[in-house]
Amino acid sequence: MAVRNLAQSITDAHDVALDADDRVLVIGEDVGVNGGVFRVTDGLLERYGPDRVIDTPVAESGIVGAAFGMAIAGLRPVAEIQFMGFSTPAYDQVINHVSRIRNRSRHRFTCPMVIRIPYGGGFGAAEHHSESWEAIYAHTPGLKVLTSSTPYDAKGLLLAAIDDPDPIVYLEPIRLYRAVKEDIPDEGYRVDLGTAAVRRTGTDVTLITWGAMTKECRAAAEILESAAISVELIDVRSLVPLDTGTILESVSKTGRAVIVHEAPRTGGFGGEIAALIAEHCLYDLLAPVQRVTGWDTVFPLKRGESIYLPSVNRIIGAVHDVMVDA
């Protein structure tokens, strides 16, 4: 066991996978000599060499396209896109090739590759560096979409993703890279894909979130507990496949749901979860489902981040709204 933050846990997952399987390789801008823009691949070039830790030009479409070719040829590439805002040039490859090859080839080919994408705001970055477009990837059939909020999950989910026979978009919340630490096993382990984590049990209201917003939801839940409101907190972890059972069981128990994400409200993945709850838990609901989200604007520069991102106070306010008749 060792104490690691989320970034270090992802580094460790790469190390475990590269050491265990010669088919695994890492490809992307600055992943080798510089160890990645967030130093998540630091030290891997020295241990595994330039044939397995491959620095590329600034060409996201080329990175994903090359990784796609490697994957259908039998390798297991982990491709890094430095920021989600830079992932759009590669989306052509993702939607037209990566996500479709199993269907197109009638299962003759699979695409065992991981596309790692740091995402989200709150760290004072420039334009194109703070987007949260998880709903776009979740809307693309053939992809699995994961994100973590703890160092333990970061390692276990990435190792499970590398093992998977199909393409996975693995989203890394930038604000959490070095915001939390915990004891992590040195050996390899897997976190099951398609399972949500109940971070806190409660009886009055269900808070549903993922990624960096888990931190704000934890803080809100603690404050609400002191006000005698019992919060059950669900960290989705896997958007696709979605653990509908855990979500519906919780909402059926509490009768109230608040969904939190930093992506824009319109078309955000929270709307999908809200629809799911309406379809299956309508008669259990004691209040309408509430969403606390980013705004339908371009993500602002540093001075506007605190206004854009869902805050603890906004989350608490939404919970009080659904508790109005309690």
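Residues numbered from 1 in each chain as written. Predicted model: local features only at pLDDT ≥ 70, side-chain atom pairs only at ≥ 80, totals over all residues. Heavy atoms only, no water.

A.B. asks: Could you give me a rundown of the overall build of the chain, with the residues and numbers involved?
C.D. replies: Tallying secondary structure elements over the chain gives 12 helices and 14 strands in all. Its C-alpha atoms give the chain principal-axis dimensions of about 60 × 40 × 40 Å. Relative to its 326 residues, the chain shows a buried fraction of 58%. Contacts in the chain between residues far apart in sequence, at least 24 positions, make up 82% of those at least 6 positions apart. Accessible area of the chain: about 13400 Å², with a carbon and sulfur share of 52%. Within the chain, the 43 negative side-chain charges are centred at a point lying 1 Å from the centre of the 30 positive side-chain charges. (Helix = DSSP H or I, 4+ residues; strand = E, 2+ residues; numbered from the N terminus. Buried < 20%, exposed > 50% of the residue type's maximum accessible area, 1.4 Å probe, protein only. Contact = heavy atoms within 4.5 Å. Areas by Shrake-Rupley, 256 points an atom, 1.4 Å probe, with all protein chains shown as cover. Lys, Arg positive; Asp, Glu negative; His and termini not counted. Charge placed at Lys NZ, Arg CZ, Asp CG, Glu CD.)

A.B. asks: So, the pairing of strand 11 (residues 231–235): which residues are in play, and what are the values?
C.D. replies: Counting buried positions along strand 11 yields 5 of 5 residues, so the element is predominantly enclosed. Side chains of strand 11 alternate between two faces, with Val231, Leu233 and Asp235 and Glu232 and Ile234 buried alike. In terms of strand pairing, strand 9 (residues 197–200) meets strand 11 through 3 bridges, oriented antiparallel. The residue of strand 11 that forms the bridge with valine 198 is isoleucine 234. The sheet contact formed by strand 10 (residues 205–209) and strand 11 spans 5 bridges and is parallel. Its bridge partner lying in strand 11, threonine 209 is registered against aspartate 235. In this view, the connection linking strand 10 to its parallel neighbour strand 11 by way of helix 8 (residues 213–226) has right-handed handedness. (Pairing = 2+ DSSP bridges. Right-handed = clockwise from strand over helix to strand, strands pointing away.)

A.B. asks: Let's hear about the packing of helix 9 (residues 244–254) against helix 10 (residues 269–281): which residues, and what values?
C.D. replies: At their nearest, the axes of helix 9 and helix 10 sit 10 Å apart, and the two run at 60° to each other. With respect to their mutual orientation, helix 9 and helix 10 come out oblique. Regarding helix 9 and helix 10, the two cross each other, and that crossing is right-handed. In contact with Thr244, Ile247, Leu248, Val251 and Ser252 of helix 9, helix 10 contributes Ile273, Leu276, Ile277, His280 and Cys281. (Axes fitted to C-alpha atoms, helices over the stretch in contact; angles between N-to-C directions. Parallel < 35°, antiparallel > 145°, perpendicular 65-115°, else oblique. Left-handed = near helix turned anticlockwise from the far one by under 90°.)

A.B. asks: Got a sec to walk through the sheet that holds strand 2 (residues 24–28)? Specific residues and values, please.
C.D. replies: Here 7 strands make up an open sheet; going across it, the order is 3-2-4-5-7-6-12 and the pairing mixed. Each having just a single partner strand, strand 3 (53–55) and strand 12 (238–240) make up the two edges of the open sheet. The mean inter-strand angle of the sheet, taken between neighbouring strand axes irrespective of direction, is 20°. Pairing of strand 5 (residues 114–119) with strand 7 (residues 168–173) involves 6 bridges; the strand directions are parallel. Its bridge partner lying in strand 7, isoleucine 117 is registered against leucine 171.

A.B. asks: Could you give an account of the sheet that holds strand 10, with specific residues and numbers?
C.D. replies: Ordered by their spatial adjacency, 5 strands build an open sheet running 9-11-10-13-14, and the pairing between neighbours is mixed. One side of each edge strand has no neighbouring strand; the edge strands of this open sheet are strand 9 and strand 14 (290–294). Here the average twist between neighbouring strands, direction ignored, is 25°. Where strand 10 and strand 13 (residues 257–264) come together, 3 bridges link them in parallel fashion. Note that in strand 13 the partner of threonine 206 across the bridge is alanine 257. Lying on the sheet, helix 9 is in contact with strand 9, strand 10, strand 11 and strand 13; it crosses strand 10 at an angle near 155°.

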